[in-house]
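# A closer look at the structure
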Amino acid sequence: MPGRHLAALTLVAPAWLIAVACCTNHLTGGDLPAFREAPAFRNGRGCADAPTINIAMTLDATYLRGSLAGVLSILQHTSCPENVIFHFVATSPFHPLRRTVAASFPSLSFRIYRFDSALVRGKISSSVRRALDQPLNYARIYLADLLPRSVRRVIYFDSDLVVVDDVARLWGIDLGHHVLGAPEYCHANFTAYFTDRFWSDPDFPRAFDGRERRACYFNTGVMVMDLEKWRAGGYTRRLEGWMEIQKKAARIYELGSLPPFLLVFAGEVKRVGHRWNQHGLGGDNVEGLCRNLHPGPVSLLHWSGKGKPWLRLDAGRPCQLDGLWKPYDLLRRRGDRDPFAADV
Ligand SMILES: *[C@@H]1O[C@H](CO)[C@@H](O)[C@H](O)[C@H]1NC(C)=O
C-alpha cells in the first residue's frame, strides 16, 4: 500500500525527503494498479521456421488493464508465443508502464515507443465521446514512422479486445497489393459516418471515386498494415490532410480517428474474415449497452463502444459476454495470494 507508507513518511521526514518521496512516487507510477505475473508461454514444436509476428498496441494508464489482457490472450492462443514481438506506443512518461509490462510478462519481447502527442494535438477535433479524442487514439496513424524500417508488416490491435485464436493465422493473410487488411462491414450505414456538410460538398465525396469497391465501413481497432507500402505511399500525410480539413475548414465527421481511415482506405482494404473483429461489444458510443456477437465464428472479441468489460465487471453489472474477457484480467485484487510474498 504505497499511499499509506508515503503518508507515514511525511509525518517524520525532513523536507528534502518529502520532496523526493513525492516525485519518485510520481515517476514510478504510484497510481498504476498492481498486476499479477502471467504464466510463461513457450514455443511449441515447429516454431523454428515460423515467422516473427509484430504486434502494435498503445499503452496508457486508463487502458493498461485492457492492454495486458490483450497481450495475455494473444500469447495464450498462439502456437509460437516466443515469436511475437510487441511494439507499444505510449506518451511520456512511460517508465512505469514498462515496469508493469515487464513484471507481468518477464520474458516478453517488447519495445515502447514514445508518441509525441503534440503531433496531433492541433489536428484533433472534439467528437461524440471524449475518450475518442485522446491523442494516443491517433497513434495508429503514425506506426510507419514510429516503428523501425525493419518492421515491414504489423498488426495493430486496440486495447479493449482479446484474441481467442492463433494470431499467426491473421498475420499470414495475403495482403496482395493492399496497404491494409481488415474485416469490412457493408451493411453498416456508411453515409452516417460523415456529416451533411461533407456529402453536400461538391468535392469531398469524390474522395471515394475510383475505389476498387463500394466504400464500406471497417473498424480500425484491428488492422494488418503493410508498413512498407504505407511509407512509400505517404499515407500518414493523406490521413493528416483530412484531419486538417476537419479541424480548420469544415466539420466533415463526428467521430475521432476512424473517419480519416475511411476517407483514405474505404473500398480499398483487403477483406479479412469477420471472425477477426467481433466488434461493438461495448455497446454504442453513448450508452454502452450490452451487445451480442455477430453470427459466425469468433477469433477476436472487441469491446469497442463506450462500455468496457473491466468497468462493468467492477461495477457488478457485467454483460453476458464480459465473462469471456475475465479470464485474461491480470489485475491483482486486494486479498489475492501473491506466491512470492511472505504471509503477513
Ligand atoms: C443512413 O444515414 C443517413 C445519415 O444519418 C440517413 O439520412 C439515412 O436515412 C440512413 N439510411 C438508412 C438506410 O438507414
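Residues numbered from 1 in each chain as written. Predicted model: local features only at pLDDT ≥ 70, side-chain atom pairs only at ≥ 80, totals over all residues.

## Focus: the overall build of the protein chain
Scanning the protein chain from terminus to terminus reveals 12 helices and 11 strands. Per-residue burial for the protein chain yields a buried fraction of 35% across its 344 residues. Excluding contacts between residues fewer than 6 apart, the proportion of contacts in the protein chain whose partners are at least 24 apart in sequence is 76%. (Helix = DSSP H or I, 4+ residues; strand = E, 2+ residues; numbered from the N terminus. Buried ≥ 20, exposed ≤ 12 C-beta atoms within 10 Å, placed from the backbone. Contact = placed C-beta atoms within 7 Å.)

## Observations concerning the nonpolar core
In this structure, Ile55, Ile155 and Met225 are the most contacted members of the largest nonpolar core, which totals 72 residues. Considering every element that reaches this core, the biggest residue donor is helix α3 (residues 64-77), with seven residues. Not counting residues within four places of it along the chain, the set of residues in contact with Ile155 comprises Ile55, Val167, Leu170, Trp171 and Val224. (Core = buried A, V, L, I, M, F, W, Y, C linked by C-beta atoms within 7 Å.)

## Remarks on the sheet that holds strand β2 (residues 84-90)
Pairing is mixed in the open sheet, where seven strands are placed in the order β3-β2-β1-β4-β9-β6-β10. Looking at the sheet topology across the chains shown, the edges are occupied by β3 (109-114) and β10 (270-271). Two elements, strand β6 (residues 180-182) and strand β9 (residues 222-226), share two bridges in a ladder whose sense is antiparallel. The residue of β9 that forms the bridge with Leu180 is Met225. (Pairing = 2+ DSSP bridges.)

## Describing the pairing of β3
Across six bridges, β2 lies against β3 in parallel orientation. When the sheet's bridge partners are listed, Val89 is paired in β3 with Tyr113. For the crossover from β2 across helix α4 (residues 95-104) to β3, the handedness is right-handed. (Right-handed = clockwise from strand over helix to strand, strands pointing away.)

## Some remarks on the environment of Ser159
Topologically, Ser159 is positioned in the loop between β4 (153-157) and β5 (161-163). For Ser159, a count of 23 C-beta atoms within 10 Å translates into the label buried. The sequence separation of Ser159 and Val71 amounts to 88 residues, and the corresponding C-alpha distance is 9.1 Å. Ignoring anything within four residues of it in the chain, the contact list for Ser159 reads Met57, Thr58, Tyr63, Gly66, Ser67 and Gly70.

## What to know about the confidence of the model for the protein chain
On average, residues of the protein chain score 87 in pLDDT, and 85% of them reach the 70 mark or higher. Across residues 1-29 the pLDDT falls below 50, and counting only partners more than four positions away or on other chains, this stretch makes 14 contacts in the model. (pLDDT = per-residue confidence, 0-100.)

## Observations regarding α4
Looking only at α4, the buried set comprises Leu97, Thr100 and Val101. The arc enclosing the buried residues of α4, seen along the axis, measures out at 95°, which places them on a common side. Buried residues in α4 make contact with α3, β2 and β3. (Arc of directions from axis to C-beta.)

## Focus on the pairing of strand β1 (residues 53-58)
Across the six residues of β1, six count as buried, placing the element largely inside the fold. Across the two faces of β1 the burial is the same, with Ile53, Ile55 and Met57 and Asn54, Ala56 and Thr58 all buried. The parallel pair β1 and β2 is bridged by α3, and the resulting crossover is right-handed. Summarising the sheet, β1 and β4 pair through two bridges and their orientation is parallel. Of the residues in β4, the one forming a bridge with Ala56 is Tyr156.

## Structural notes on the environment of Gly282
With respect to the helices and strands, the residue Gly282 is situated in the loop between β10 and β11 (300-302). Judged by local crowding, Gly282 falls into the buried class, with 23 C-beta atoms found within 10 Å.

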